[in-house]
Amino acid sequence: MSRSAPGAEEPSAPEPHSAEPHSAAPSAPEPHSAAPYAAGERSADAPPVELSVVIPAYNEHERLGPTLDAVTTYLADNESRFGSWEVVVADDGSTDGTGGLVTVRRDPRVRLVGGGRNRGKGHALRLGVAATRGRRVLVTDADLAAPIEELERLDKAMGEGGAAAIGSRSVPGATIGSRQHRVRELMGRAGNVLIRRVAVPGIRDTQCGFKLFDGERARTAFAASRLNGWGIDVEVLQHFRRADWPVTEVPVRWSHQSGSKVGPLDYGRVLAELARLKARTARPADVLAVLAFLVMAVVLYSGRLAGPGHRYLPDSLQDQNQWEWFFAVTADSVAHLRNPLFTDLQGFPDGVNLMANTVMLGLSVPFAPITLAFGPAVSLSVCMTLGLAATAAAWYWLIVKRVVRNRGAAFTGASLAAFAPPMVSHANAHPNFVILFMIPLIVDRALRLCEGTRVRRDGIVLGLLTAYQIFLGEEPLLLAAIGMTLFAAAYGVADREAAKTAWRPLLKGLLIAGAVCLPIVAFPLYWQFAGPQSYKSVLHGDNAGNSPLALLSFAERSLFAGDAARANALSLNTTEQNAFYGWPLVLLAFGITVRLWERTLVKALAVTAVGAAFLSLGPKFRLPMTDTVYPGPWALLAHKPLFESVIEGRVAMICAPALGMLLALALARLASARKVGTLYAGLMAVALALLPLVPAPLKAVDRAPVPAFIADGMWKPYVRDGESLVPVPLPDPGAAEALHWQTAAHLGFKLPGGYFNGPWGPDRIGIYGASPRYTSNLLRDVRYTGVVPTIGENWRTQARQDFAYWHAGALVLAPQPNDGPLRKAVTALVGHPGKWTGGVWVWDLHEGS
């Protein structure tokens, strides 16, 4: 049965629908009784042997005879070395007379088991190994791609104390004779990489069909297996790994044999069986944790999930409109093969540098099919909900792997890391600060570099992870780098020996990561910083840092302690409540740090949290309840490249995972407490610290309907090719509902103005929205004040110039506050009254209109 799986060189043979079993003489197949050849169990009276050889076979009438001759001759000639032996052919429901090749030999040492219907190589091997009596068991494919003479190498390796010696084509010393087709060989290598990553890391070649096992352990492992296909090899090796039974890879000679029964669909079975294997090995606690994170995310977004196309998060301000537009324009670029880094649909005619805006190409591109099929509102809603749950799951994975094994403690710490008040605040509007599942993976890979075991591989992986994170969000990556730097510095000071051991492989790995990452992101970053509509930096005011009180207060969305007035007074807006951990959690973290101070990890985490909190105060901060202002530590970074565009209050988000890990450490210590009083007091302290942080579901309201003029396509006669539709007033960061109009119209028209980051002035300073013009400023002032200035010929002349610059086809005024003064102002600027149609006032700017 020659069916090496993908991940080796070939996948297993397909498992066709069952057929009536047949046996045959060597000359021609003939039907036989429907009963299988044997039950596959060893006879209690049969004496044991030194070596059993198991050969799985499916329709191997042409190749099995020579294989049996070669095996039996070799074993008979080498009985002095290998001792007594037997050969068990495990028939997988062959229909070509394969079984008859065994029965005609009439050699009691060559037995046949199996029969029945075809169920796959795994099922056949399970029966075959169960029927063996050998102290050792060799499993080999029917094509003998690895010659039976290679048994000597495996036997020698087993003699050195291993539980299994497996033939390998991927370790030094292996030789490949006849090779497969190049495409199949590449697919096999890709499959092998996937197997190593998912199931048995460290074993390079799981699928070479030549393996020698300790007999009793082989029978135990195969009996415990459940897979019927090619994945049996991986499942058995995984069993050996988990039982701490040593497995040795042995280089062998291997040559591809013709007659493979591999079909194209077999590569799909690779993923299916790996998924089944992975699912079976998952701990129930881990599965429950991931499901709980998903439920928590769904509850948080429940107000919008009920009808994402018709619901709006008011605390997002205008950001939901902006992000839905980002997803829509990316999907449109993908569908029409346009440059996803630039568009003139907004900010017309200058356009928008999308790479200089956070469009999250790493998700908006793969989500393009969902966006095109269901709309950007659904796509964004699903993306943010799943992304938040995935972020929590990633922190949980990192905490279990690196901090504590206690699943309950890890779950609590990950919940704080992903659902802390700053994360909930950004969950209203900023998927780039909510979908952070790559950050724990980057942290873990950096820690692997410090171990110095596989620096080149880990450096390459870190480079790929970093490149992907750049397309998810550059500012979160920068904040993660700040957090990792604080942690590394603190850990290095606390444990100088560890620092001496780690710095060389870490530096080498970082250089490798940079060499991998930069070629991937070089052109997008060039476009971001030097392409059309690029800018130098975005200014957020003199001080966008946190007040010290913000670190101790409770966020607006706290279910039990929320105070909207106080939270808004201590933050920039509802989307930027970047601290608000609450004084109970701060006190608890201080107590944990004091109690566990002897641990280096605790010292490093505490320094990271405190350092991030101080940096988040900004370039200057005022002591509460005084007029005393001190320079903040951020002043050292405020004017440095990249840092100058950061809202410094966001640095406090670094505290969330650091506090989560401290909390996990404390809970793991409590779980081992012997005194009930200590356990009770500790759990009460944790509960009192976390209860004020439990978030209420995000506020959601019904969305204002899109005017019929837009929704029903009535705008089309007014906007010709190369022209734009001009909402009154122009969309800007304070009022961007027109972006929703545009997505509802399937991006059919272009808009001047908008909500994005773009350049302003000769110095190309970054601002929010398009560069202002006289007419856009006038209309904006009227919207907010309701006051119409005296509009003379000078204003009309300027308006004609601005209309020409925008290539305006029509002006559109929807019902809104101060729409009367706005209508009066536009009529004066245009020189004729508007027309009420489709629920809006329209001024046609074409000649003769």
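Our subject is the structure listed above.
Keep in mind the model is a prediction, meaning the values are calculated, not measured. (Residues numbered from 1 in each chain as written. Predicted model: local features only at pLDDT ≥ 70, side-chain atom pairs only at ≥ 80, totals over all residues. Heavy atoms only, no water.)

Considering the sheet that holds strand β22 (residues 835-837)
If you trace the four strands from one edge of the open sheet to the other, you get β18-β21-β23-β22, paired in mixed fashion. Of all strands in the sheet, those with a lone pairing partner are β18 (724-727) and β22, marking the two edges. Along the sheet, successive strands turn relative to each other by an average axial angle of 35°, direction set aside. Pairing analysis gives four bridges linking β18 to strand β21 (residues 808-813), with the strands arranged parallel. Its bridge partner being in β21, leucine 725 is matched across the sheet by alanine 810. (Pairing = 2+ DSSP bridges. Helix = DSSP H or I, 4+ residues; strand = E, 2+ residues; numbered from the N terminus. Axes fitted to C-alpha atoms, helices over the stretch in contact; angles between N-to-C directions.)

A short note on the nonpolar core
One finds Phe293, Leu585, Leu659, Phe709, Ile710, Leu725 and Phe749 to be the most contacted residues of the largest nonpolar core, which totals 145 residues. Residue contributions to this core peak at 13 residues, all from helix α15 (residues 376-402). In this view, phenylalanine 293 contacts Ala389, Ala392, Ala393, Tyr396, Phe411, Ala414, Ser415 and Phe419; residues no more than four positions away in its chain are not counted. (Core = buried A, V, L, I, M, F, W, Y, C linked by side-chain atoms within 4.5 Å. Buried < 20%, exposed > 50% of the residue type's maximum accessible area, 1.4 Å probe, protein only. Contact = heavy atoms within 4.5 Å.)

Considering the environment of tryptophan 254
In this fold, tryptophan 254 is placed in strand β11 (residues 253-254). Tryptophan 254 sits in the buried class, given a relative accessible area of 4%. For the pair tryptophan 254 and glycine 177, spaced 77 residues apart in sequence, the C-alpha to C-alpha distance is 6.1 Å.

Side note on the environment of valine 686
Position of valine 686 among the secondary structure elements: in helix α28 (residues 676-690). Judged by relative accessible area, valine 686 falls into the buried class, the value being 8%. Here the alpha-carbon distance between valine 686 and leucine 667, two residues 19 residues apart in the chain, equals 8.4 Å. Valine 686 has contacts with Leu588, Leu663 and Leu667, leaving out every residue within four places of it along the chain.

Details of helix α30 (residues 737-744)
For α30, the tally of buried residues reaches six of eight residues, placing the bulk of the element in the interior. The set of residues buried in α30 consists of Ala738, Leu739, His740, Trp741, Gln742 and Thr743. Once α30 ends, the next one or two residues include histidine 746, with phi positive near 55°.

Here's the deal with a nonpolar patch on the surface
Residues Leu294, Val298, Val382 and Leu386 make up a contiguous nonpolar surface patch of roughly 270 Å² in combined accessible area. Listing elements by their share of the nonpolar patch, those giving two or more residues are α10 (284-300) and α15. Following the sequence through the fold, leucine 294 ends up in helix α10. Taking the relative accessible area as the measure of exposure, leucine 294 reaches 32% and is therefore partly exposed. (Patch = residues over 30% accessible without salt bridge, like charges linked within 9 Å, V, L, I, M, F, W, Y side chains within 5 Å. Areas by Shrake-Rupley, 256 points an atom, 1.4 Å probe, with all protein chains shown as cover. Salt bridge = Lys/Arg side-chain N within 4 Å of Asp/Glu carboxyl O.)

Quick notes on the pairing of strand β5 (residues 110-114)
The element β5 is extensively covered by neighbouring structure, given that four of its five residues are classed as buried. Bridging between strand β4 (residues 85-91) and β5 involves five bridges; their strand directions are parallel. Bridging across to β5, aspartate 91 finds its partner in glycine 114.

A look at the packing of aromatic side chains
In total, this model carries 18 aromatic pairs according to the counting rule given. Between tryptophan 634 and phenylalanine 643 the ring centres are 6.0 Å apart and the planes differ by 65°, which places this aromatic pair in the edge-to-face class. Across the pair, exposure class does not vary: tryptophan 634 and phenylalanine 643 are buried alike. Cluster of aromatic residues (ring-pair linked, three or more members): Phe213, Phe222, Phe240 and Trp245. In this structure, arginine 773 packs its charged tip against the face of tyrosine 805, placed 4.0 Å from the ring centre. Directly above the aromatic system of tryptophan 841 lies the positively charged group of arginine 823, at a separation of 3.5 Å from the ring centroid. (Phe/Tyr/Trp six-rings, centres within 6.5 Å; stacked < 30°, edge-to-face > 60°. Lys NZ or Arg CZ within 6 Å of the ring centre and 35° of its normal.)

A look at the sheet that holds strand β10 (residues 247-251)
Read across the sheet, seven strands follow the order β5-β4-β3-β6-β9-β7-β10 without closing on themselves; strand pairing throughout is mixed. At either end of the open sheet lies a strand with only one pairing partner, and these are β5 and β10. Between one strand axis and the next, the sheet turns by 20° as a mean value, whatever way the strands run. Seen against the sheet, helix α1 (residues 64-77) touches β3 (49-57), β4 and β5 and runs at an angle of roughly 160° to β4. With respect to the sheet, helix α8 (residues 232-242) is in contact with β7 (164-168), β9 (210-214) and β10, its orientation differing from that of β9 by roughly 35°.

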